[in-house]
Amino acid sequence: MRGVPERPDAEAELKKAHLLAWSSIAYICSTIVLLFFVMSGSQALKTEMTGEILSLIPPTLFLIGDRVSRRPPNRRYPFGHERAVSAGYVGAATALLLVGVYLLFDGGMKLAMREHPTIGGFPLFGQVVWTGWLGIAVLLWSSIPAYFLGRAKRKTAEVLHDKTLAADADINAADWQSAAAAIVGLIGVGFGLWWADSLAAVLISLEIIRSGWTELKTALGDVMDRRPLTLDQKTDDPVTDKLTEFVKRQPWIADAVVRVRERGREFTAEAHVVPLADQVSVEEISRTGVLACGVDPRLADVTIAPVKSLPDDVARARHPEEA
């Protein structure tokens, strides 16, 4: 199936990812509605609600990107649509970054202008209950289930090698941080610290900017054919080294340089190889390409390109210790 790594458990994990995405959308919508009714004059709650609206983008783009990536190649898109996942990733990261900057400006201006928030109350059984208590309850609802949703999405993202889903998982898992900041801000207002609410909003917006910038760098790197990284973006994905080792072990190859590209959830690779002999059979080249795809289940295609000597631009793809 196009757009899905050829693994025994991949299709089951994809169905699970769809269920998690739809569950997230329903859950986030419930949080947005609750925050709308309790945010009153709190800048922190307003910023938190905006963050929740942004949280709808990754699961929505995951569902759309998955549907588009399954379309077969055609004349306009001869390489298929697998990069729809990467395109969605760029869109989500850009939106996250831009709105984070706006919220930072909005919260910073209110803090600089010393704008005092007004958080009222409502009557209940003859008593006036501070709306901030309801806000705190909603913030707990917006953070605790999201943490467990994020953990479940992370496991599924690792199986599918889906960075949009992984980014969604990171946003869910970090929701408790922004919720905690908003709770501290509300409590501060309750104790008469007018600046606590706007300060909490600024801290939440900084976290949104950090997430957006990190995800945008990763997304642009994928589009620019950067060397594949692991989902946590901390180390090189081992697929390039494994494929290089496999190709160099072939008895008819004297030297080789392998370059791997990410294409959504899949990888494609090209191996420029220097044969030991001047004549190499087409069958041998084809067999090597087919076997190379078995090195990693994420590899959708490996092109073997025999050359007399490695071109300079290709040779630069070597590790420094190989040069």
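Note that the coordinates shown come from a computational prediction; the quantities given were computed from them, not determined experimentally.

Draft legend 1. Representation of the pairing of strand E4 (residues 266–275) in the model. E4 sits mainly inside the fold: nine of its ten residues count as buried. Pairing analysis gives ten bridges linking strand E3 (residues 253–263) to E4, with the strands arranged antiparallel. Bridging from a neighbouring strand, Asp255 pairs with Val274 of E4. Connecting E3 to the antiparallel partner E4 that follows it, the hairpin turn spans two residues, and Gly264 within it adopts a positive phi of roughly 70 degrees.

Draft legend 2. Summary view of helix H3 (residues 57–69). Helix length check: H3 (13 residues) gives 17 Å between terminal C-alpha atoms against 18 Å at 1.5 Å per residue, within 8%. Within the span of H3, buried status applies to Pro58, Pro59, Phe62, Leu63, Gly65, Asp66 and Ser69. In this structure, the buried residues of H3 make contact with helix H1 (10–38), helix H2 (43–55), helix H4 (84–112) and helix H6 (163–173).

Draft legend 3. A look at the packing of aromatic side chains. Scanning the model with the defined rule gives three aromatic pairs in all. Taking 5.5 Å as the distance between ring centres and 80 degrees as the angle between the ring planes, the aromatic pair formed by Phe36 and Phe37 counts as edge-to-face. Assigned by exposure class, Phe36 and Phe37 land together as exposed. Considering the side-chain rings of Tyr147 and Phe148, the 5.4 Å spacing of their centres and the 80 degrees angle between planes classify their relative orientation as edge-to-face. Judged by relative accessible area, Tyr147 falls into the partly exposed class, the value being 34%.

Draft legend 4. Local environment of the nonpolar core. Within the largest apolar cluster, 40 residues are counted, with the highest numbers of intra-cluster contacts made by Leu35, Leu45, Phe62, Leu139 and Ile208. Counting residues per element, the ones that place at least two in this core are H1, H2, H3, H4, helix H5 (131–160), H6, helix H7 (175–190) and helix H8 (194–223). Of all the elements, H1 adds the most residues to this core, at eleven residues. Leave out the neighbours within four places in its chain, and Leu45 touches Leu35, Val38, Met39, Gly135, Leu139 and Leu186. Membership of the second largest hydrophobic core comes to 19 residues, among which are Val239, Ile253, Val273 and Val302.

Each value, and the rule that gives it
Each chain has its residues counted from 1, running along the sequence as written. Note on the predicted model: pLDDT of at least 70 is required for a residue's local features to be given, and 80 or more for side-chain atom pairs to be given and counted; whole-chain, interface and lining totals, by contrast, use all residues. Computation of side-chain values: all heavy atoms of the structure, hydrogens and water removed. Relative accessibility thresholds used throughout: buried, under 20% of the residue-type maximum; exposed, over 50%; partly exposed, between the two (1.4 Å probe, protein chains only). By definition, any uninterrupted DSSP run of H or I lasting at least four residues is a helix, any uninterrupted run of E lasting at least two residues is a strand, and each is numbered from the N terminus. The pairing criterion for strands is at least two bridges between them, as found by DSSP. Take the residue count of a helix, subtract one, and multiply by 1.5 Å to get its expected span. Any two residues whose heavy atoms approach within 4.5 Å at even a single point are treated as in contact. Any two of the Phe, Tyr and Trp rings considered here, Trp counted by its six-membered ring, make a pair once their centres fall within 6.5 Å; the pair's planes then place it as stacked at under 30 degrees, edge-to-face at over 60, or tilted in between. In these notes, a set of buried Ala, Val, Leu, Ile, Met, Phe, Trp, Tyr and Cys residues joined through side-chain atoms within 4.5 Å is what counts as a nonpolar core.

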